[in-house]
Structures are given as structure tokens and as C-alpha cells.
There are 2 protein chains.
Amino acid sequence: MEVANKYVIIKSKVDGAPKESDFEMQTEKLVLSVKAGSKNIIVKNLYVSIDPYQLNRMKSQSSSQKTSSFAVGIKPGEAIDTYGVGRVVASENAEFEKGDLVGGLLTWGEYSIIKPGEMILRKLDPMGFPLSYHVGILAFSGLTAYGGFFEICKPKKGEKVLVSAASGSVGNLVGQYAKLHGCYVVGCAGTKQKVELLKTTLSFDDAFNYKEETDLKSTLKRVAACGVISEYTGTGKRAAPDMPDVVYKRITIRGFLAEDFMNLFGEFISSTVNYLRSGKMKIIEDISKGVETVPSAFVGLFRGDNVGKKMVRIADE
Amino acid sequence: MEVANKYVIIKSKVDGAPKESDFEMQTEKLVLSVKAGSKNIIVKNLYVSIDPYQLNRMKSQSSSQKTSSFAVGIKPGEAIDTYGVGRVVASENAEFEKGDLVGGLLTWGEYSIIKPGEMILRKLDPMGFPLSYHVGILAFSGLTAYGGFFEICKPKKGEKVLVSAASGSVGNLVGQYAKLHGCYVVGCAGTKQKVELLKTTLSFDDAFNYKEETDLKSTLKRVAACGVISEYTGTGKRAAPDMPDVVYKRITIRGFLAEDFMNLFGEFISSTVNYLRSGKMKIIEDISKGVETVPSAFVGLFRGDNVGKKMVRIADE
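Residues numbered from 1 in each chain as written. Chains lettered and ligands numbered in written order. Predicted model: local features only at pLDDT ≥ 70, side-chain atom pairs only at ≥ 80, totals over all residues. Heavy atoms only, no water.

- The name recorded for chain A in an unreviewed UniProt entry is Oxidoreductase, N-terminal domain, from Dillenia turbinata.

The following block contains the structure:
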């Protein structure tokens, strides 16, 4: 069987804030079968994740970043890998069968052709949850929130926690973990609607719009930094606190990436699944439909358009 | 006996880089005796410390800083407290006698009148070392270097250590402790002469002039931040690393002040005294003479004029 596989590319390296015109849809004819003995598989993509860190991979300088698998440069004209879930439609790999649900590195496209050396994929048991949960809360967004909060911040019950970008994919989960841990949680976000969401749907103790706050001096003790979207676009905005504040207030700032917490994956999944089954965590997702919406979904991240985890539903089950 | 006591004041709050014209010398008549029962003492100042953090105390906003005793606002027209050593010339306090050598909070002046509530002073045993050592290496400069290096950085033998402002009062000591600990030490400083000093006198493994280095991207893992002189003058210069670097390179930045390490004071003094007695540490001091030189000495700190610990010798013993 032959299909037309639509996928997204960048036309050239992207510096500064991304625009939809930086992207282009490509269509290739794809035969949905793989050569015997190739060990390749073809996955029909169902949900793909839309993440700010991808912008760092699109920059002119990105290939010099060798510090993380999240930092490998994206080449103009080529399919762009991303985390997602899908269903195997053809396999010559003994580990996967046609019909298997999988989660892992797919592409911003309708189908992913995955070769053995590049395979970062596992079979997915949805455990009764919607597939989108396996792109957000039960995948890297959840692990970033869980590891960043429990491992980096090492919070005690009753402590005050400030979450920035608190309605975002990771932030809303940090706030929810913190509430469940018995902390007093304050969130900040960039619109009135997001602030309302934090206070009502997510039951944060307090929330504010950082664009309207004139005095943001706080008594921060520890900053766990998993991303700094405002610095990715190279507009000269700086997200770091003033260094004299760091000194006088004895602030600790620690950078990390989700991949640093793979050792916590089991613990993270089991406690999060328990929270979900007992209705103690809310799911905030922002899902657009169709591969054509990937560029606008991605560009919107940098304008703060998304509320909760941004992803694209590529196809219905 | 009556003397003329010359001391330094600020004329008004100081914002931005300090200028000598921000300061003024005052002279008061001072009777070298104290009222019976007052518990006051009068100290003849011998050496006073000249430190960049004082600028933060001179700013319009300084009184809102309540996070440290290093941050109490300095009032225009009043004597300015500073760390120093001196000799008691009059005392109605049972703990101190006329003739005692003391170290602690004195003033940028020829004499300090110290009242019981404000007394942060201890008797000083010079242990055979010059008095200036008790203002620098055996006082807060040393404690900052020792605590910042051993407690914050927790270095292992053989690790690489980068010291910025490496010819400064704290930096030169951090580098020397690191060499004695078996680390590979690289220092950076702002002039050719300072770089030479680091390589030759202080035996750093390597050193460079940060004003001439075009590519300062490094593989920093942990930053111990005890001060950021380039941010004190409010010129908009930022000393913090790019936050995306902090994230991708998993950098930890931790702010601290010397007072956080008072619990280490005994250990710090005994090991440093041993190093000094066995000739394993070099003393780099930059001493000007006379209370009139305090403003120029202080202003010079922000131009990088000083090499090693800056202090003023107010009077001969």
C-alpha cells in the first residue's frame, strides 16, 4: 500500500523568534512495507509533542551543542524528530509487530520511518488513559516536573513554591505535585485567563500575571531551571536573576534536563498513575489537529498561546 | 587628651560607579576617654578593609536589603563601618583594656567610637603575623575563599577550577587553596600584569585576560558566587551565564556570603595559619596609606586597580 506522507521541515536555520514561514510542508510517497531483513519499522503517528527546546536545535549554532540529546541540530529539508505516540504499520524488527502502540522519537509528520540505529522507541501500554497523556503528563513533561521538583528542589511539606510559566506543560504539573506534597504554591503566568486557571481549575494557593506585577523581588532560595523560553529567541531578554540578588539572598540556580532523571522513571510513573486514577491531578492539554498545524502550534509557544501541554493530533486512532 | 579624628562620609546616596567626589573627609574633635559606666570603647584604627560590597550599602535602595549584615544601608554624613584592626585607646568595657589589639567592625576613619550594642569586635592575637594579614587572608577575604571553595564547590583532587577576578582579594586565595588541594587551576583577570602574577607568583596552571578572550564558553559545572563587582555599579552589565547554557550544561550557581561560614572559622584559621607558617601561601596585598586615600582606594576597586587585598593603613603601630 502506498500513501502520501506529509511532514514538516525548516527551510533554513532559524535564529530569533520562529515564524510560520520558516517551515514548509513536504509530501513524499511512502510504501507501507519494509524490506525483509532491514529491521526498519514504519509508524503511523497519532500524537506528536510540540516543545520549545526544538528552537535551540534549529539555530545556526545548534550543532555545537553536544551536551544533550535534546540539542542535536535539525537540518533544513529533513524530517524533524520529536517525541510522540503512534501505531506500527509495518515492521521487520523482531521487537515490534504491526499494530503495536509505541511511544518515543517519531517525526513532525504523518508517518515515521525508523531505522534500527536511530530507534528510541518502546511499546506503549496506555493503562486505560487517553493516548495524549502519554505525550504529556506520563512522558517528558511529567518527568521534568517530577524530577525537577522532587530531586532538584527537595521540597519540604509546608514550604512555599513559586512556579513560573505555571500554566505551561511542565509548570502546571510542578504546581500540582507541589500542592499534593503539602506546599503553598504560587504560580505566575502571562494572561488573566491563565491566572484564573491556576487559581480555580488547578487550586493554586495564589497566582499573578507577571506582566502586571511591578515588584517581582522575591525571597527565592532555589531555582530549578529546566528551560528558559524567553531566552531561546535571542531577543536579548535575560531570565537570570540579578547576580547581586543571587549572592545576598544565597540563591541556588540549577539547570537540568528531563533525561537526567531516567533513574526516577518508574517511581514517577507509578505515583503519577496513582494520582490520576484517584482524580488528584488535572490534565491541561492544548491539542491542535492535523500535521499542517505543527508550524503554527510551534510558533505559538513563543507567544505564550498554549495553555497546558501543547501537542498535535496527527490522526485518529 | 583631645585629637582631631578624620573620617570618611558619603555626601549622598551613590548610584552607579562611585567617584571620589561622592565622598568627603570630615574632622571632629575627639576626647580620648569614655564616660565611666558607658561601656563604650575608643579604638585607634590601624588597618581598614576596602571592599566592593560597600557600594551596595551606599545605593538609594540599600535600606531595603535586609538579607545580610553586609547589606545595611550607609547614611550620608555618618561614619562608615568597615572591617579593620586597631588598638584600644580608651575603654569602659570590662572585656577590653587600653592597649588591646582588636579586630572587627571599625570605621573608615582614624578612630572608632564603639558602643556596646553595636560592638562586633574581638581581641586579636596576631600570632606573629603582620596586622594586615588579619584584615585579609585571616579575616573575611580568607573565610570567603575557604568556605566558598571547600563548602560550596566541594572540590575533588585533580578537578579543574576556574577562578574569576583571580588576582582579587578573594580570588587569589581561592586559587591558592585549590592548588594546595591538588586541583588544576585556571585564573582570569583583566590585565596582562595580573595574568603574569597568577602564572608566576601564584603558580596557577594557566591564566588569561578575559578582555582579550573572544570565546569564553566553557564547561562550567558549578559556580560559587560571592560577589559580582561588575553588576554593583548598575551599568547594565550582566555577570550571569546565559540561562540556556545553565540548563543544557546543568550548571549550578550558588550565592553565598562569608558570614554563612562562621561555623568553619576555627578550621579555616588553623589550616590557613599552617599553610602560612610553612610558606605554602603567598600574600598579595595592595595597601595605601592614610585615611585620605580611602575614597580613591574604594573607587579604584571598580576600575580593577587593585592587585590582591585592598586596604588602607591608617596609622603606624
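After that view of the structure, there is still more to cover.
**So, the overall build of chain A**
Alright, step 1. Looking only at helices and strands, chain A features eight helices and 14 strands.
Alright, step 2. For chain A, whose C-alpha radius of gyration is 20 Å, the value lies close to the compact-globule estimate of 20 Å for 317 residues.
Alright, step 3. Projected onto the principal axes, the alpha-carbon positions of chain A cover approximately 65 × 45 × 35 Å.
Alright, step 4. Looking at chain A residue by residue over its 317 residues, the buried ones come to 52%.
Alright, step 5. Excluding contacts between residues fewer than 6 apart, the proportion of contacts in chain A whose partners are at least 24 apart in sequence is 69%.
Alright, step 6. Summed over its atoms, the accessible surface of chain A is roughly 14600 Å², and 50% of this surface lies on carbon and sulfur atoms.
Alright, step 7. With 42 positive and 36 negative side-chain charges, chain A shows a spacing of 3 Å between the two charge centroids. (Helix = DSSP H or I, 4+ residues; strand = E, 2+ residues; numbered from the N terminus. Rg over C-alpha atoms; globule rule 2.2 N^0.38 Å. Buried < 20%, exposed > 50% of the residue type's maximum accessible area, 1.4 Å probe, protein only. Contact = heavy atoms within 4.5 Å. Areas by Shrake-Rupley, 256 points an atom, 1.4 Å probe, with all protein chains shown as cover. Lys, Arg positive; Asp, Glu negative; His and termini not counted. Charge placed at Lys NZ, Arg CZ, Asp CG, Glu CD.)

**Quick word on the relation of the copies chain A and chain B**
Alright, step 1. It takes a turn of 179° to lay chain A on chain B, together with a shift of 0.0 Å along the axis; the resulting RMSD is 0.0 Å. Overall, the copies show the geometry of a two-fold rotation axis. By C-alpha distance to the rotation axis, the residue of chain A lying nearest is A:Ile253, at 2.5 Å.
Alright, step 2. Comparing interface residues between copies, 100% of those in chain A also lie at the interface in chain B; the contact surface is shared. (Least-squares fit on C-alpha atoms with pLDDT ≥ 70 in both.)

**Comments concerning the domain arrangement of chain A**
Residues and elements named next belong to chain A.
Alright, step 1. Segmenting chain A into domains produces domain 1 (2–137 + 284–313) and domain 2 (140–261 + 271–275).
Alright, step 2. The gap between the C-alpha centroids of domain 1 and domain 2 is 27 Å.
Alright, step 3. Between domain 1 and domain 2, the contact holds 26 residues from the first and 21 residues from the second.
Alright, step 4. Of all residues in domain 1, Phe70, Ile137 and Ile284 bury the most surface against domain 2, accounting for 31% of the area lost on that side. (Domains from an automatic or database assignment. Buried area = accessible area lost by both parts, 1.4 Å probe.)

**What about a positive patch on the surface?**
Alright, step 1. Residues A:Lys154, A:Arg222, A:Arg254, B:Lys154, B:Arg222 and B:Arg254 make up a contiguous surface patch of positive charge.
Alright, step 2. Relative to the assigned elements, B:Lys154 resides in the loop between α2 (140–153) and β8 (160–163). (Patch = residues over 30% accessible without salt bridge, like charges linked within 9 Å, V, L, I, M, F, W, Y side chains within 5 Å. Salt bridge = Lys/Arg side-chain N within 4 Å of Asp/Glu carboxyl O.)

**Description of the pairing of strand β11 (residues 222–225) of chain A**
Residue and element names in this part refer to chain A.
Alright, step 1. Taking every second residue as pointing to the same face, the buried face of β11 carries Val223 and Ala225, while none of Arg222 and Ala224 on the other face is buried.
Alright, step 2. Bridging between β11 and strand β12 (residues 252–255) involves four bridges; their strand directions are parallel. Across the sheet, valine 223 pairs through a bridge with isoleucine 253, a residue of β12. (Pairing = 2+ DSSP bridges.)

**A look at the interface of chain A and chain B**
Often the size quoted for an interface is simply the accessible area lost on bringing the parts together.
Alright, step 1. In this complex, chain A contributes 35 residues to the contact, which on the side of chain B involves 35 residues.
Alright, step 2. Carbon and sulfur atoms supply 59% of the area that chain A and chain B bury against each other, a total of about 2900 Å² over both sides.
Alright, step 3. Contact with chain B buries surface across chain A, with A:Met243, A:Tyr248 and A:Arg250 losing the most and accounting together for 28% of the total.
Alright, step 4. Across the contact surface, chain A and chain B share four salt bridges.
Alright, step 5. Of the charged contacts, one joins A:Arg250 and B:Glu259 as a salt bridge, the two residues approaching to 2.7 Å between their closest N and O atoms.
Alright, step 6. Taken together, the connections running from chain A to chain B amount to eleven residue pairs in polar contact (both at pLDDT 80 or more).
Alright, step 7. Listing elements by their share of the side of chain A that touches chain B, those giving two or more residues are α1 (53–58), α5 (229–232), α6 (243–248) and β12 of chain A.
Alright, step 8. No other element matches the six residues that α6(A) contributes to the side of chain A that touches chain B. (Polar contact = N/O pair within 3.5 Å; in protein donor to acceptor, adjacent residues only side chain to side chain.)

**Some words on unusual backbone geometry**
All names here are of chain A.
Alright, step 1. Of note in the backbone geometry, alanine 165 takes a positive phi value of approximately 50° without being a glycine.
Alright, step 2. Considering the arrangement of structural elements, one finds alanine 165 in the loop between β8 (160–163) and α3 (171–180).
Alright, step 3. Using a relative accessible area of 51% as the deciding quantity, one classes alanine 165 as exposed.

**Here we look at the packing of aromatic side chains**
Pairs of aromatic rings are described using the distance from one ring centre to the other and the angle between the two planes.
Residue and element names in this part refer to chain B.
Alright, step 1. This model, assessed by the stated rule, comprises 24 aromatic pairs over all chains.
Alright, step 2. A centroid spacing of 5.8 Å and a plane angle of 75° characterise the contact between phenylalanine 23 and phenylalanine 298, whose relative ring orientation is edge-to-face. With a gap of 275 residues between them, phenylalanine 23 in strand β2 (residues 23–31) and phenylalanine 298 in helix α8 (residues 294–301) connect regions that are remote in the sequence.
Alright, step 3. Each ring, one from phenylalanine 265 and one from phenylalanine 268, has its centre 5.7 Å from the other, and the planes form 70°; the classification is edge-to-face. Highlighted residues: phenylalanine 265 and phenylalanine 268, both in helix α7 (residues 265–277), separated by three residues, approximately one helical turn. (Phe/Tyr/Trp six-rings, centres within 6.5 Å; stacked < 30°, edge-to-face > 60°.)

**Description of the pattern of salt bridges**
Alright, step 1. As enumerated under the stated definition, the model contains 24 salt bridges over all chains in all.
Alright, step 2. Because the salt bridges share partners, they merge into one network encompassing A:Arg250, B:Glu259 and B:Asp260.

**Considerations on the state of the cysteines**
All names here are of chain B.
Alright, step 1. Scanning the entire structure with this criterion turns up zero disulfides over all chains.
Alright, step 2. Cysteine cysteine 188 remains unbridged, with the sulfur of cysteine 226 as its closest cysteine sulfur at 13 Å.
Alright, step 3. No disulfide involves cysteine 226; its nearest neighbouring cysteine sulfur is the one of cysteine 153, lying 9.8 Å away.
Alright, step 4. We classify cysteine 226 as partly exposed; its relative accessible area is 30%. (Disulfide = S-S within 2.5 Å.)

**Observations regarding the environment of A:Ser91**
Residue and element names in this part refer to chain A.
Alright, step 1. One can find serine 91 in strand β4 (residues 81–91).
Alright, step 2. Residues serine 91 and valine 161 lie 70 residues apart in sequence; the distance between their C-alpha atoms is 47 Å.
Alright, step 3. Apart from residues no more than four positions distant in its own chain, serine 91 is found in contact with Val34, Asn40, Ile41, Phe96 and Lys98.
Alright, step 4. Here the side chain of serine 91 touches asparagine 93 through a polar contact of 3.0 Å, landing on its backbone nitrogen.
Alright, step 5. Within the structure, the side chain of serine 91 is placed 2.7 Å from the backbone oxygen of phenylalanine 96, a separation counted as a polar contact.

**Quick look at the pairing of β8(A)**
Residue and element names in this part refer to chain A.
Alright, step 1. Burial along β8 is one-sided: the face carrying Val161 and Val163 is buried and the face carrying Lys160 and Leu162 is not.
Alright, step 2. Two elements, β8 and strand β9 (residues 184–189), share four bridges in a ladder whose sense is parallel. Bridge assignment links valine 161 to a residue of β9, and that residue is valine 185.
Alright, step 3. The β-α-β motif built from β8, the intervening α3 and the parallel element β9 has right-handed crossover chirality. (Right-handed = clockwise from strand over helix to strand, strands pointing away.)

**Some remarks on the packing of helix α2 (residues 140–153) of chain A against α3(A)**
Residue and element names in this part refer to chain A.
Alright, step 1. Axis separation between α2 and α3 bottoms out at 9 Å; the angle between their running directions is 50°. As summarised for this structure, α2 and α3 are arranged oblique, according to the angle between their axes. Both α2 and α3 take part in a crossing whose hand is right-handed. Along its contact with α2, which presents Ser141, Gly142, Ala145, Tyr146, Phe149 and Phe150, the element α3 presents Leu173, Val174, Tyr177 and Ala178.
Alright, step 2. Here the contact of α2 with α3 is composed, by residue class, of eight nonpolar, two polar and no charged. (Axes fitted to C-alpha atoms, helices over the stretch in contact; angles between N-to-C directions. Parallel < 35°, antiparallel > 145°, perpendicular 65-115°, else oblique. Left-handed = near helix turned anticlockwise from the far one by under 90°. Nonpolar A, V, L, I, M, F, W, Y, C, P; charged D, E, K, R; others polar.)

**A look at helix α4 (residues 192–199) of chain A**
Residue and element names in this part refer to chain A.
Alright, step 1. The set of residues buried in α4 consists of Lys194, Val195, Leu197 and Leu198. Angular distribution of buried residues about the axis of α4 spans 160°; they occupy a single face of the element. Set apart from the buried face of α4 by more than 90 degrees, the exposed residues are Lys192 and Gln193.
Alright, step 2. The secondary structure elements touched by the buried residues of α4 are β9 and β10 (206–209). (Arc of directions from axis to C-beta.)

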